[in-house]
Amino acid sequence: MGCTPTPSWNDRPEDDPRQRRFVDEYLLDLNATQAAIRAGYSARTAEQQGPPRLLGNAEIAAAIQTAQQARSARVQITQDDVLRGLPLGQRGGPSAPAGTPGRR
């Protein structure tokens, strides 16, 4: 007998659609307030909804972590890989225009 895969966050109909959307939006830029606004929470209350309430929800935090791990496995890249690929000027070191020959 095969194993039944665990349903993903977006496959759970009993969850609040705005919370599911928040997870997806948060993964875009890791900005909880903006993700809350894009997910449909009012701009007036997004500051209170995003960081403390939504990120503090254990189920949402687990969904974010699972999605981040899946993305890392899918693209097989780490934050260190990204930083190694950036020109020095974009990492806070001595600046050089992107594409300047002989400069890293």
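Everything numeric here is computed off the predicted structure, so don't read it as measured data.

A. Seen up close, the nonpolar core. Among the nonpolar cores identified, the biggest contains 14 residues, and F22, V23, Y26, A36, L54, I60 and I64 are the most heavily contacted of them. Of all elements in the fold, only α1 (17–29), α2 (32–38), α3 (46–54) and α4 (58–75) reach the threshold of two or more residues within this core. Sort the elements by how many residues they give to this core and α1 lands first, with four residues.

B. Geometry of α3. Among the residues making up α3, those that are buried are A46, Q49, G50 and L54. Projection of α3 onto a plane perpendicular to its axis shows the buried side chains occupying an angular sector of 90°, all on one side. For α3, exposure combined with an orientation more than 90 degrees from the buried face picks out E47 and P52. Packing partners of the buried residues in α3 comprise α1, α2 and α4.

C. Just unusual backbone geometry, in detail. A positive phi angle, close to 60°, is found at L30, a residue other than glycine. The topology assignment puts L30 in the loop between α1 and α2.

D. Spotlight on the pattern of salt bridges. Applying the stated criterion across every chain yields a total of three salt bridges. Between E25 and R21 there is a salt bridge, with its nearest N and O atoms 2.9 Å apart. Taken together, the residues E25 and R21, both in helix α1 and four residues apart, mark about one turn of the helix. By relative accessible area, which is 10% here, E25 ends up buried. Judged by relative accessible area, which is 40%, R21 ranks as partly exposed. Ionic contacts of the salt-bridge type, sharing partners, join the residues R21, E25, D29 and R38 into one network.

E. Looking closely at the side chain of T33. By the element assignment, T33 lies in helix α2. Contacts of T33, omitting those with residues within four sequence positions, involve A46, E47 and P51.

F. Quick peek at the packing of aromatic side chains. One pass over the structure, following the stated rule, counts one aromatic pair. Aromatic side chains F22 and Y26 sit 5.8 Å apart centroid to centroid with 25° between the ring planes, which places their arrangement in the stacked category. Taken as a pair, F22 and Y26 lie in helix α1 at a separation of four residues, close to a single helical turn. Both residues of the pair, F22 and Y26, belong to the buried class. In this arrangement the basic side chain of R18 is found over the ring face of Y41, its NZ or CZ atom lying 4.2 Å from the centre.

Each value, and the rule that gives it
Residues numbered from 1 in each chain as written. Predicted model: local features only at pLDDT ≥ 70, side-chain atom pairs only at ≥ 80, totals over all residues. Heavy atoms only, no water. Core = buried A, V, L, I, M, F, W, Y, C linked by side-chain atoms within 4.5 Å. Buried < 20%, exposed > 50% of the residue type's maximum accessible area, 1.4 Å probe, protein only. Helix = DSSP H or I, 4+ residues; strand = E, 2+ residues; numbered from the N terminus. Arc of directions from axis to C-beta. Contact = heavy atoms within 4.5 Å. Salt bridge = Lys/Arg side-chain N within 4 Å of Asp/Glu carboxyl O. Phe/Tyr/Trp six-rings, centres within 6.5 Å; stacked < 30°, edge-to-face > 60°. Lys NZ or Arg CZ within 6 Å of the ring centre and 35° of its normal.

Bear in mind that shape data such as this cannot, by itself, settle questions of function.
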